[in-house]
Amino acid sequence: MIDYSRTMEADSPFLLATVSLVSALQMGYLAWRVGLSRMAHKVLPPSVTGPPEFERTFRAQQNCVECYPVFLVTLWTCGMFFSEVTAAAGGLVYIIARQLYFNGYAKSTKKRLPGFYLTLAVFFTLSLLGLIGILRGILHKYFHIHL
């Protein structure tokens, strides 16, 4: 029998895990949208070229895939070394930004820009806060400087 009291510690990063899971579900949804676009425009795998509508949808999803590792690293770094709540809030903004980006790009390349800029803002914020947390931890642990 599993002792859940040991696996569910109070300090476990539940918010980070939740945002990570929601973002993974979003990635699955975006892949599904590409599949629908393939069927609508009769573009069979492994082909990635077709009508502009399909190519924009495919490219939007691929751009989201390319950004995903950066998101996960910055989310967890900020959450573990700065603030879990702040990181989770930033992660939710990222999910919204990626959806805006995807929906905009699927319509027109110019309509992707609001989601793109919001994504960059989230990356910058999570990275900066994660770096602050790491530096604060290094100063505390190795130099006994408490900020």
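Residues numbered from 1 in each chain as written. Predicted model: local features only at pLDDT ≥ 70, side-chain atom pairs only at ≥ 80, totals over all residues. Heavy atoms only, no water.

**Concerning the overall build of the chain**
Then, number 1: When helices and strands are counted, the chain shows five helices and zero strands.
Then, number 2: What you see in the chain, going N to C, is helices and strands ordered as α-α-α-α-α.
Then, number 3: On C-alpha atoms alone, the chain measures out to a radius of gyration of 19 Å, which is more than a quarter above the 15 Å that the 2.2 N^0.38 rule sets for 147 residues.
Then, number 4: C-alpha extents for the chain along the principal axes are approximately 60 × 45 × 20 Å.
Then, number 5: Counting only residues that meet the buried cut, the chain has 32% of its 147 residues in that class.
Then, number 6: Summed over all atoms, the accessible surface of the chain reaches about 9200 Å², with 71% contributed by carbon and sulfur. (Helix = DSSP H or I, 4+ residues; strand = E, 2+ residues; numbered from the N terminus. Rg over C-alpha atoms; globule rule 2.2 N^0.38 Å. Buried < 20%, exposed > 50% of the residue type's maximum accessible area, 1.4 Å probe, protein only. Areas by Shrake-Rupley, 256 points an atom, 1.4 Å probe, with all protein chains shown as cover.)

**Looking at the nonpolar core**
Then, number 1: Counting 22 residues, the largest nonpolar core has V19, F71, L75, A87 and Y94 as the members making the most contacts within it.
Then, number 2: Among the secondary structure elements, those contributing two or more residues to this core are α2 (14–41), α3 (52–81), α4 (84–107) and α5 (113–143).
Then, number 3: Residue contacts for A87: discarding those within four places in its chain leaves L16, L75, C78, G79 and L126. (Core = buried A, V, L, I, M, F, W, Y, C linked by side-chain atoms within 4.5 Å. Contact = heavy atoms within 4.5 Å.)

**Some points on the environment of A106**
Then, number 1: Considering the arrangement of structural elements, one finds A106 in helix α4.
Then, number 2: The class for A106 is buried, based on a relative accessible area of 17%.
Then, number 3: Along the chain, A106 and E53 lie 53 residues apart, while their C-alpha atoms are 6.6 Å from each other.
Then, number 4: The residues touching A106, leaving out its near neighbours within four places in the chain, are R33, R56 and T57.

**Description of the pattern of salt bridges**
Then, number 1: This structure, assessed with the given rule, holds one salt bridge.
Then, number 2: Of the charged contacts in the structure, one is a salt bridge between R59 and E66, with a shortest N-O distance of 2.9 Å.
Then, number 3: By relative accessible area, which is 48% here, E66 ends up partly exposed. (Salt bridge = Lys/Arg side-chain N within 4 Å of Asp/Glu carboxyl O.)

**A look at unusual backbone geometry**
Then, number 1: Residue P46 follows P45 across a cis peptide bond; omega there is 10°.
Then, number 2: Structurally, P46 can be placed in the loop between α2 and α3.
Then, number 3: Phi is positive for K42, close to 55°, though the residue is something other than glycine.
Then, number 4: Mapped onto the elements of the fold, K42 is located in the loop between α2 and α3.
Then, number 5: Phi is positive for H144, which is not a glycine, with a value near 55°.
Then, number 6: Secondary-structure assignment places H144 in the segment after α5.
Then, number 7: Assessed through its relative accessible area of 62%, H144 is described here as exposed.

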